[in-house]
Amino acid sequence: MGDDNGPLYLGLDLSTQQLKAVVVDSELKTVAQSKVDFDGDFGRDYGIRKGVLARDETGEVFAPVAMWMEALDLVLERLCREMPVPVSRIRGVSGSGQQHGSVFWGSSAEELLRGLDPGRRLVEQLSGALAHEWSPNWQDQSTQRECDAFDAALGGREKLAEVTGSGAHHRFTGLQIMRLRQALPQMYASTSRISLVSSFLASLFLGSIAPLDVGDVCGMNLWDMPNQRYSPELLALAGGGGGGAQRLLRQKLGEPEMDGGRPLGSVSPYFVRRYGFSAGCRVVPFTGDNPATILALPLRPLDAIVSLGTSTTFLMNTPTYKPDGSHHFFNHPTTRGHYMFMLCYKNGGLAREKVRDALPRKSGGGRPGGWDDFNAAVLSTPPLGVAGPGDKAKLGLYFCLRETVPNIRAGTFRFHCDPDGSRLQQVQGGWSEDVDPRIIVESQALSMRLRSRKLVHSPEDGLPAQPRRIYLVGGGSVNPAIARVIGDVLGGADGVYKLDVGGSACALGGAYKALWALERKQGETFDELIAQRWKEEGSIERVDEGFKPSTYQQYGNILGAFEEMEKRLLSEETR
């Protein structure tokens, strides 16, 4: 395990359904881990399902904050049992929390956090520290009126995205604050501070209210990205009026910590006496779960992560800020002047499964339309379904849910065009079912290529603009046919890789962040330090060669037609 007396670093991830803890050593090797499953451990006590409660009539989705306090004690008890070495060797702690959620502290919070009794559990002492017992969850959809107000506040959705990095979204914290202030005015008035889920968890460790993090503060629709400050106009909107309301909300939020690697202080005596932490263990700013994901491996500028789960997510580390109402920009959690670019699609794995299930069964003994048949159909269909001269290029959108990027209704939409992108036409009926698997995977990748094209540049002389490496994560990452198409469409000069860092990427990202904060040399970036110590063996596997010049150009030729297809369908939405 390396140095038997060397420092260790603790990372935590407070997600919707679990709290995970991971301990690593200075060589990034995992030493111990533990987790709490909210439904399994607390479902009966709190009446939750998949970590939350919901009011279908209002669209509200929320979680009990007290449950998270209980979970922290429980995950640390389990971790102490798993640790093969003393907890006192943990030198730093950081982590992540589900983005956008908020915790409203009452006026006694600081005093109660400071005076924690190690003989009693957190929940027994801190329930009275809350002004509001619930935290809005990212699945909440109760803020449409607030979305409309935020989108209009600065002159339209694109202007809001230009300022805050995102258009207005139901789950974003500023909109949730605006709704709760109006719905529960007494609660808002009694709130002394508002934390994000990440800074709430950091506050428990610190024994005082921790500042918001440089990366996580961007998930609120309140942070002015070009000027790196709160937007006065948006604070006034969420806070309910003019200068006084604006200043009051700013006080409740507090100023964020702009250096993701600056320790906030030492761990609270509660954790020293109850669990055996060293009094010198430092608390490093906790960030959001999406920013933490890109810290779980040394993601260089121009590298991209494609998460192929139920939904699909595309992440890039980029020094370029080119906002748009259809995607998200956050400050990079450790690298000043860099950003995290994120696309979120609802129609990912579910849409692919729907196409798979529509296939006639060909492989013997398998279930109808199984993945073997899907993959065979993908690999036997040429790019864009163009088998020879005179063939039309086939384009489609396959949405089993209303999509957000672009905001188009559920349905299957098929088009074709000439291979140079001209003469785009919608087609009824379309083509045979065994062509659909190739076209749906191409469609999902083409949308990523279209929306990231302003952020990529040539990774080396003589190559067109594209990502350097593409890392695949999530359930679909094991599928070789999907990997092949992503490499065909998106490129990837250094190849396409399946990434496996276990099921605790966000907690690992937090542990690495704590390590960097406390071991970095003067001016040493997170990427530099982690890259020196990170071992590719066992974590990544090359699954496709990536960039293929003629195929990449073939998709480039029809990118304009793909964009035009979306625009035509969007125009029908507004009729």
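Residues numbered from 1 in each chain as written. Predicted model: local features only at pLDDT ≥ 70, side-chain atom pairs only at ≥ 80, totals over all residues. Heavy atoms only, no water.

In the annotation of an unreviewed UniProt entry, the entry for the chain reads Xylulose kinase, and the organism field reads Epichloe bromicola. Reading the Function (unreviewed entry) entry of the UniProt record for the chain gives the comment "Highly specific D-xylulose kinase which participates in the catabolism of xylose. Xylose is a major component of hemicelluloses such as xylan. Most fungi utilize D-xylose via three enzymatic reactions, xylose reductase (XR), xylitol dehydrogenase (XDH), and xylulokinase, to form xylulose 5-phosphate, which enters pentose phosphate pathway." Recorded under Catalytic activity (unreviewed entry), the UniProt text for the chain is reproduced unchanged: "D-xylulose + ATP = D-xylulose 5-phosphate + ADP + H(+)". (UniProt positions renumbered as here; feature names shortened; annotations may be inferred.)

Caption draft 1: Structural context of the sheet that holds strand β19 (residues 393-399). Strand order in the open sheet formed by 3 strands is β19-β20-β21, with antiparallel pairing between adjacent strands. Across the chains shown, the open sheet's two edge strands, defined by having one partner strand only, are β19 and β21 (425-426). Sheet topology places β19 next to strand β20 (residues 411-417); 7 bridges connect them, and they run antiparallel. Residue Y398 lies in a different strand from β20, and its bridge partner there is T412. Together, β19, β20 and β21 form the strand contacts of helix α20 (residues 549-573), whose direction differs from that of β19 by roughly 40 degrees. (Pairing = 2+ DSSP bridges. Helix = DSSP H or I, 4+ residues; strand = E, 2+ residues; numbered from the N terminus. Contact = heavy atoms within 4.5 Å. Axes fitted to C-alpha atoms, helices over the stretch in contact; angles between N-to-C directions.)

Caption draft 2: The sheet that holds strand β8 (residues 134-136), seen in detail. The strand order across the open sheet formed by 3 strands is β4-β5-β8, and the pairing between neighbours is antiparallel. Because the sheet does not close on itself, it has two edges, and the strands there are β4 (53-55) and β8. With direction set aside, neighbouring strand axes in the sheet form an average angle of 35 degrees. Relative to β8, strand β5 (residues 60-64) runs antiparallel, the two sharing 3 bridges. Each bridged residue has a counterpart across the sheet, and for F62 the counterpart in β8 is P136.

Caption draft 3: Structural detail: the environment of D73. Positionally, D73 belongs in helix α2 (residues 65-82). C-alpha of D73 to C-alpha of R250: the two residues are 177 residues apart in sequence and 31 Å apart in space.

Caption draft 4: Focus on the nonpolar core. Counting 120 residues, the largest nonpolar core has F150, L222, L253, V306, F314 and L395 as its most contacted members. Take this core: its biggest share by element is 10 residues, from helix α18 (residues 505-519). Apart from residues lying up to four places away in sequence, F150 is in contact with L160, A168, G174, L175, M178, N221, L222, L234, L237 and A238. With 60 residues, the next largest nonpolar core counts F38, V52, F277 and C281 among its residues. (Core = buried A, V, L, I, M, F, W, Y, C linked by side-chain atoms within 4.5 Å. Buried < 20%, exposed > 50% of the residue type's maximum accessible area, 1.4 Å probe, protein only.)

Caption draft 5: Representation of the packing of aromatic side chains. Counted according to the given criterion, the structure contains 20 aromatic pairs. With 6.3 Å between their ring centres and 85 degrees between their planes, F42 and Y46 make a pair best called edge-to-face. With F42 and Y46 both in helix α1 (residues 38-46), this residue pair falls 4 residues apart, about one helical turn. Classification of F42 as buried rests on a relative accessible area of 5%. Of the aromatic side chains, those joined through ring pairs into one cluster are F205, Y270, F271, Y275, F277 and F286. When the ring centre of Y552 is taken as origin, the NZ or CZ atom of R449, which lies over that ring, is 3.7 Å away. Here R520 stacks its cationic end above the ring of W516, 4.4 Å away from the centre of that ring. (Phe/Tyr/Trp six-rings, centres within 6.5 Å; stacked < 30°, edge-to-face > 60°. Lys NZ or Arg CZ within 6 Å of the ring centre and 35° of its normal.)

Caption draft 6: Main features of helix α16 (residues 436-452). Compared with the 24 Å implied by 1.5 Å per residue over 17 residues, the 24 Å span of α16 between its first and last C-alpha is a close match. The buried fraction of α16 amounts to 17 of the 17 residues, a majority that puts the element mostly inside the structure. (Expected span 1.5 Å × (residues − 1).)

Caption draft 7: A look at the environment of F314. Relative to the helices and strands, F314 resides in strand β16 (residues 312-318). Classification of F314 by relative accessible area gives buried; the value is 0%. Put simply, F314 and R533 are 219 residues apart on the chain and 25 Å apart in space, counted from C-alpha to C-alpha. Once you skip the residues sitting within four places of it in the chain, F314 turns out to touch A304, I305, V306, F341, M342, L343, M448, S452 and L490.

Caption draft 8: Layout of the packing of α16 against helix α17 (residues 480-490). Direction vectors running N to C along α16 and α17 enclose 40 degrees, while the axes themselves pass 9 Å from each other. Considered as vectors, α16 and α17 are oriented oblique to each other. Crossing angle aside, the handedness with which α16 passes α17 is right-handed. Across the interface between the two elements, R438, V441, E442, A445, L446, M448 and R449 from α16 touch I482, V485, D488, V489 and L490 from α17. (Parallel < 35°, antiparallel > 145°, perpendicular 65-115°, else oblique. Left-handed = near helix turned anticlockwise from the far one by under 90°.)

Caption draft 9: Seen up close, the state of the cysteines. Evaluation of the coordinates by the stated rule reveals 0 disulfides. C506 takes part in no disulfide bond, and the closest cysteine sulfur, belonging to C344, lies 13 Å away. Residue C506 is classed as buried on the basis of its relative accessible area, which comes to 14%. (Disulfide = S-S within 2.5 Å.)

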